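Secondary and tertiary structure notes
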There are 2 protein chains.
Amino acid sequence: MKEYITIKDLAGKLGLSIGTVSKAFNPNYSDISVSTRNRILKTARELGYVPNPFARKLLKKQTLNIGIIVPEFLHSYFSEVIFSAQEAFLQQGYQTLIMSSNEDSDLEMENIKTLMNHMVDGLIISVTKTSKNHEFLNNIIQSGLPVVQFNRVSDLVDAPKVIFNDYKWAVFATEHLIEQGCRNLVHLGLSKHIPLGKQRILGFRKAMDKHQLPYSEDQIVEAGITIADGEAAMTRLLDRGIIPDGIMAAGDPLAIGAMKILKRHDIHIPSQVKVIGFTESALAKVVEPELSSISQPTSKIGKLISQILLDQIAGKPMEKSVHLIDGKLNIRESSTGLPIQ
Amino acid sequence: MKEYITIKDLAGKLGLSIGTVSKAFNPNYSDISVSTRNRILKTARELGYVPNPFARKLLKKQTLNIGIIVPEFLHSYFSEVIFSAQEAFLQQGYQTLIMSSNEDSDLEMENIKTLMNHMVDGLIISVTKTSKNHEFLNNIIQSGLPVVQFNRVSDLVDAPKVIFNDYKWAVFATEHLIEQGCRNLVHLGLSKHIPLGKQRILGFRKAMDKHQLPYSEDQIVEAGITIADGEAAMTRLLDRGIIPDGIMAAGDPLAIGAMKILKRHDIHIPSQVKVIGFTESALAKVVEPELSSISQPTSKIGKLISQILLDQIAGKPMEKSVHLIDGKLNIRESSTGLPIQ
DNA sequence: TTGTAGGCGTTATCAA
DNA sequence: TTGATAACGCCTACAA
């Protein structure tokens, strides 16, 4: 490490004591004359002095480090949320440590421990689908560490949650297809271990029931998450002779996988089958026909989770433990037949 | 911040001095009996003691912080490289601070300053296309901070570079189209301010010359970077009556934008026009027909840049200042007419 | 083999 | 309004 200017150097150069110099950098000290403060600040700038953050962190009982753990980076969703949160934290002087669990509960545990060793002042986590770490997390929370969950949340973990209103928007997505004339719908779902996947299923059921459309359990399939998963699920459906006239997928990749198979079987989208995705990604505008989807305000979510964590750190009383986020229905050709600009 | 166990607590519990306890955690101290070391380590584990990293950072002349600055997160390329590098750093005990300049030279300067204030031990940077910060960066380097450049590099900055062999692979990409029978090629390029964009242009020229194919300057267009840029560039070409039989794009989004316009004009891909992209992304397998492209080993690049920086920090002599990375030509339907699995 | 004490750069308390 | 000094938790000569 290169040599840095210290407060002592600065004090020496100015003929002041280090105590006085220190006060100049701490705005909540008023017992220092404006002129000396300015003099100190001026030469500090000239010399390129910056207070050593580690000395500060050692003394104060906070590290100004925040940990963020997400299950994957496959969907751009997570990078978008994270970088928005990171920006907010940095503005408040907090550093962010980002880790990916890669959908592995054990690695998730490792990540949590690593972050604890770095003495983070707070933790934001989106758990893996088979997370077995709720007990450990609760211990941490009990011990006083502020934690916020988002997206993939667990009811077993006692920390505030920021989640998309999956139920509501799954209803909207399904109803959109019904409005377009679909009667024989299929839902391509995520793993049933993921609560938000369950909400999307419930939303699908709700819409079907509301419009009195009959459906069998075969029409709700646990497909997975990737394009390949979507392909496999669609293939299984076709093999069993199930040809829907509408597909409501719990994710864009699933929808795109299904579309690939349909096209391979010369089943036309959207005239024969209409398709809608979820958690819109850049892929939606690339696939053909362009995919209708539900977009989530990732930037807003990032800001919100950082704000809630910061509030907790500041000791503000929590207003509510569940924050429900709304999205947007983006209608494109895959569900209407109309090319929309 | 919650209360942490300190070395003093541990020493008290064990009836030892803090000095002895400290040595137990420092492997290069041999003047401590194996039995007491084990005893210390055991109770440390039981009590959940971890050395306070900030006290350590204050004492030692290093912060164990690394800064990474990238121009954008639009392409998954950057997230992939970064997370691979971060993993490598974390294994060596280094924290990573990631910042995006959002293609803005001023913000880039801010980012550099922020990271300097966090006293990073090293900096990895991929500069913005209009970066005006080479002088500032050189000052930092002069002052002793290890710096590594990657992807978007500047010859004006005196730091080792890790770059893709854009020239070579641009030749390959172009020759691939020529081998497929294309004679009237067009190159959709990045901004001319980006050196790697220039290399791709040179590669294109080289391949054309080598195969004695004539071309005008109109066939090398500075398109931009996004899908919309690709659309605009292709539209301009068609308006001027230029219909190529092959398109070599400097990025997947550009290729996809061009494909959109071609399809809108009922120009068939690949029978009438063959297309190849660059820096393969997830989009390549979603667009129709699937896009041939050049993939870069992002994970390997991440590992390499971290290794080079770590070596510099350790004071090892640098072997070479430019590291050239090779990629892979992934041939798909857009350039051949053959659906490839 | 173990213990002691000074110091890393900062802030906070109290005295001047 | 300014200055002196004791912490924060750790490492490391050096002494015991």
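Conventions we followed
Residues numbered from 1 in each chain as written. Chains lettered and ligands numbered in written order. Predicted model: local features only at pLDDT ≥ 70, side-chain atom pairs only at ≥ 80, totals over all residues. Heavy atoms only, no water. Core = buried A, V, L, I, M, F, W, Y, C linked by side-chain atoms within 4.5 Å. Buried < 20%, exposed > 50% of the residue type's maximum accessible area, 1.4 Å probe, protein only. Contact = heavy atoms within 4.5 Å. Pairing = 2+ DSSP bridges. Helix = DSSP H or I, 4+ residues; strand = E, 2+ residues; numbered from the N terminus. Axes fitted to C-alpha atoms, helices over the stretch in contact; angles between N-to-C directions. Salt bridge = Lys/Arg side-chain N within 4 Å of Asp/Glu carboxyl O. Near = heavy atom within 4 Å. Polar contact = N/O pair within 3.5 Å; in protein donor to acceptor, adjacent residues only side chain to side chain. Nonpolar A, V, L, I, M, F, W, Y, C, P; charged D, E, K, R; others polar. Parallel < 35°, antiparallel > 145°, perpendicular 65-115°, else oblique. Left-handed = near helix turned anticlockwise from the far one by under 90°. Least-squares fit on C-alpha atoms with pLDDT ≥ 70 in both. Phe/Tyr/Trp six-rings, centres within 6.5 Å; stacked < 30°, edge-to-face > 60°. Lys NZ or Arg CZ within 6 Å of the ring centre and 35° of its normal.

Looking up chain A in an unreviewed UniProt entry gives the name LacI family transcriptional regulator, with the organism given as Echinicola pacifica.

1. Re the nonpolar core
Ranked by size, the top nonpolar core spans 82 residues in total, and within it Phe150 of chain A together with Phe150 of chain B carry the most contacts. If sequence neighbours within four positions are ignored, Phe150 of chain B has contacts with Val70, Tyr77, Phe78, Val81, Ile124, Ile125, Ser126, Val162, Ile301 and Ile305 of chain B. Residues Ile247, Ile256 and Val287 of chain A together with Ile247 of chain B belong to the second largest nonpolar core, which totals 62 residues.

2. So, the sheet that holds strand E5 (residues 161-164) of chain B
All names here are of chain B. Reading across from one edge, E2-E1-E3-E4-E5-E11 is the order of the six strands in this open sheet, with parallel pairing throughout. The open sheet terminates on both sides in strands that have one partner only, identified here as strand E2 (95-100) and strand E11 (322-325). Put simply, the sheet's adjacent strands are angled 15° from each other on average, direction ignored. Where strand E3 (residues 122-125) and strand E4 (residues 147-150) come together, three bridges link them in parallel fashion. Counterpart to Leu123 in the pairing with E4 is Val147.

3. Observations concerning the pattern of salt bridges
If you walk through the whole model with that rule in mind, you get 29 salt bridges over all chains. Note that Arg332 of chain A and Glu280 of chain A form a salt bridge whose closest N and O atoms lie 2.7 Å from each other. In this pair, Arg332 of chain A sits in the segment after strand E12 (328-330) while Glu280 of chain A sits in the loop between strand E9 (274-276) and strand E10 (293-295), placing the two residues 52 residues apart along the sequence. Given a relative accessible area of 22%, Glu280 of chain A falls into the partly exposed group. Note that Asp311 of chain B and Lys316 of chain B form a salt bridge whose closest N and O atoms lie 3.4 Å from each other.

4. Quick look at the protein's contact with DNA strand C
Around DNA strand C there are 28 residues in total, and Ile7, Tyr49 and Leu59 of chain A together with Lys23 and Asp31 of chain B lie nearest to it. Among all atoms of DNA strand C positioned within 4 Å of the protein, those belonging to sugar or phosphate total 60%. Measuring from a phosphate oxygen of DNA strand C, one finds a backbone N or O atom of Asn52 of chain A at 2.9 Å. A distance of 3.0 Å separates a phosphate oxygen of DNA strand C from a polar backbone atom of Ser17 of chain B.

5. With respect to the protein's contact with DNA strand D
Looking at DNA strand D, there are 27 residues lining it, with Lys23 and Asp31 of chain A together with Ile7, Arg56 and Leu59 of chain B nearest. Of all atoms in DNA strand D that approach within 4 Å of the protein, 67% are sugar or phosphate atoms. One of the backbone nitrogen or oxygen atoms of Asn52 of chain B is found 3.0 Å away from a phosphate oxygen of DNA strand D. Contributing elements (two or more residues each) for the surface near DNA strand D: helix H2 (18-25) and helix H4 (53-59) of chain A together with helix H1 (7-14), helix H2 (18-24) and helix H4 (53-59) of chain B. When grouped by side-chain class, the residues that make up the surface near DNA strand D number 11 nonpolar, 10 polar and six charged.

6. Here's the deal with the sheet that holds E9 of chain A
All names here are of chain A. With respect to topology, four strands assemble into an open sheet ordered E7-E6-E8-E9, the strand pairing being parallel. Since the sheet does not close on itself, it has two edges, and those belong to strand E7 (220-222) and E9, each with one partner. Each neighbouring strand pair of the sheet contributes to a mean axis angle of 15°, computed without reference to strand direction. Of the strands in this sheet, strand E6 (185-189), strand E8 (246-249) and E9 are in contact with helix H8 (residues 166-179), which crosses E8 at around 165°. Strand contacts of helix H11 (residues 252-264): E6, E8 and E9, with the helix running at about 150° to E8, the strand carrying the most contacts.

7. Focus: the packing of helix H10 (residues 227-239) of chain A against H11 of chain A
All names here are of chain A. It is at 6 Å that the axes of H10 and H11 come closest, and there the two elements cross at 45°. As judged from the angle between their axes, H10 and H11 are oblique. For the crossing formed where H10 meets H11, the hand is right-handed. Contact with H10, carried on its side by Ile227, Asp229, Gly230, Glu231, Met234, Thr235 and Leu238, involves Pro253, Leu254, Ile256, Gly257, Ala258, Lys260, Ile261, Leu262 and Arg264 of H11 and no other residues of that element.

8. Thoughts on the relation of the copies chain A and chain B
Taken as rigid bodies, chain A and chain B are interconverted by a rotation of 180° and an axial shift of 0.0 Å, the fit giving an RMSD of 0.1 Å. Seen this way, the second copy is the image of the first under a two-fold rotation axis. A symmetric contact is evident, with 98% of the interface residues of chain A recurring at the interface of chain B.

9. So, the packing of aromatic side chains
Residues and elements named next belong to chain A. Counted according to the given criterion, the structure contains 17 aromatic pairs over all chains. Of the aromatic side chains, those joined through ring pairs into one cluster are Phe164, Trp169, Phe172 and Phe278. Over the ring of Phe136 we find Lys113; its NZ or CZ atom is 5.9 Å from the centre of that ring.

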